[in-house]
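Now for the letters of each chain:
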Amino acid sequence: MQKGETGAGARFVAALRAVPRNLRDDLWTTAHDPLSRTERPGWRDWMPAFALVLGFTAALIAIPNVNQLTAVYGLNMSYAVLLGGLQSAALVLALVRPVPAWWAVTIAMVIVTALAEPRAPDVFLPWTGPGLALQAGVLLLLALRVRPRAAVEALLISILVGLAGGLFVSRAHDYDIGAAAAILTTVVVIGAALRASRVARTELVMQEELTAEERARRTLLEERNRIARELHDVLAHHMSLISIQAQVAPHLVEDPPDELKENLAAIRENAVEALTELRRVLGVLRSEDPLSEGARHTPQPTLDRLDELVGNVRDAGQTVTARTTGEPRPLSPGVELSAFRIVQEALSNVMRHAPGTEARVELGYEPHALAIRVTNTAPAEPAPPSRTAGHGLLGMRERTTMLGGELAVGSTPDGGYEVTAILPATPRKPPANQVEDTP
């Protein structure tokens, strides 16, 4: 029990020793916490308007404040104008430098208390009515711009200084600090609550931005995993061909030298090891793949199945026309797979976002590239927004970038939509052991 009391006493002593340092850090500074910016017009954007309104309000309050200082508090006119103007200027200064403004209005209060010679028994010291309003306004702006601890410290100092000054100068005059303390406490609580609300909204916006970024990153990774799974099948097919050809090659040559056999055996061994590693990687990529086992082992589509794809879209009720320009030729499996997927995604987007429109698929075989263009006419009415975040455009962009191509998407002049992709395409070379027929 004594040890607990000793620990509590040590913490209390440490807290008392920290008070002067905290007061110095919080109230002996010109620093302030800037209000956070949002997409809507923020504090800085409205600063000129706030300054104009506060300046006009401070000028209006200064007139009755100076009159009371001279007529009721017995101050000389020059002192009354100087101190009343200082209190009004502090209200405007609090917009940009709240702590110095609070010091200015508090010091003016102390000087008024010291110089006052009340001419009536019911004079309210140390504040005039307008002076109390200016003190409250400065404390409100202070609570909006600094930490709650600093605002509470300023409030307590204001009340204590006002209490001490009133008791010292009021003499036989009636004096009540309770109303002033209630007013000042209320404005500080309001200012601190507004500041806390603003900080909470800012943190919420930041969290939403981080969540959106994380969602976009996760979507990108999911799409890349899907592309990697598809390309694995293409790559595994070629590695299998290399392994088989390396195994068969020695039998195609009479009396092959030992060096050739060793090299071909090494090639086959490396191909088998690479294929094993590919299968291991594929197992990791498909560890959470929801596709059925049959769908996983389905051969990856090529442009030979484009007519089937267009037919399925027509069967779904979408009007689609297809046209091919140039001389069709077999391309590398990666290019054909990516081209098929781009067309598939584009048509899926048409059915999802523009049902009932006319879609057009165009393939252009160029000497060193494959041009893909999928367009649709303007929908009669906007389609309802999708409840799920699609990967269509992201997948097209990833596939095009992977092949070093270009992708352009956007609206057409007639209100429709267009997807254009240019994929570098090099014709597939026939296997080395394939013998062409000659006449």
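Just so it is clear, the structure is predicted and the values come from calculations on it, not from any experiment. (Residues numbered from 1 in each chain as written. Predicted model: local features only at pLDDT ≥ 70, side-chain atom pairs only at ≥ 80, totals over all residues. Heavy atoms only, no water.)

With respect to helix α4 (residues 98–115)
Working step 1: Between its terminal C-alpha atoms α4 stretches 26 Å, which fits the 26 Å expected from 18 residues at 1.5 Å a residue.
Working step 2: The set of residues buried in α4 consists of Pro98, Val99, Ala101, Trp102, Ala104, Val105, Thr106, Ala108, Met109, Val112 and Thr113. (Helix = DSSP H or I, 4+ residues; strand = E, 2+ residues; numbered from the N terminus. Expected span 1.5 Å × (residues − 1). Buried < 20%, exposed > 50% of the residue type's maximum accessible area, 1.4 Å probe, protein only.)

Notes on empty space enclosed by the protein
Working step 1: The tally for this structure, following the rule as stated, stands at one cavity of 30 Å³ or more.
Working step 2: Volume-wise, the largest cavity comes out at about 30 Å³.
Working step 3: Around the largest cavity, the lining residues are Leu69, Gln87, Val112, Pro126, Trp127, Thr128 and Gly131.
Working step 4: Considering only residue class, the lining of the largest cavity consists of four nonpolar, three polar and no charged. (1 Å grid on protein atoms, 1.4 Å probe; cavity = no way out; pocket = protein on both sides within 12 Å on 5 of 7 lines; lining within 4 Å. Points joined across faces, edges and corners; volume = space filled by probe spheres on them. Nonpolar A, V, L, I, M, F, W, Y, C, P; charged D, E, K, R; others polar.)

Regarding the nonpolar core
Working step 1: Of all hydrophobic cores here, the largest spans 36 residues; its most connected members are Val138, Leu139 and Leu184.
Working step 2: Every element with two or more residues in this core is listed here: α2 (43–71), α3 (77–93), α4, α5 (129–145), α6 (148–170) and α7 (178–248).
Working step 3: Tallying contributions element by element places α5 first for this core, with nine residues.
Working step 4: For Leu139, the contacting residues outside a window of four places in its chain are Trp102, Ala154, Leu155, Ser158, Leu184, Val187 and Val188.
Working step 5: Judged by nonpolar contacts, the second largest core, of 28 residues, contains Leu303, Leu306, Leu309 and Leu423. (Core = buried A, V, L, I, M, F, W, Y, C linked by side-chain atoms within 4.5 Å. Contact = heavy atoms within 4.5 Å.)

Comments concerning the environment of Ala339
Working step 1: Position of Ala339 among the secondary structure elements: in helix α11 (residues 333–353).
Working step 2: Since its relative accessible area comes to 0%, Ala339 is described here as buried.
Working step 3: Along the primary structure Ala339 and Leu363 are separated by 24 residues, whereas in three dimensions their C-alpha atoms are 9.3 Å apart.
Working step 4: Among all residues touching Ala339, those that are not within four sequence positions of it are Leu303, Leu370, Ile372 and Leu423.

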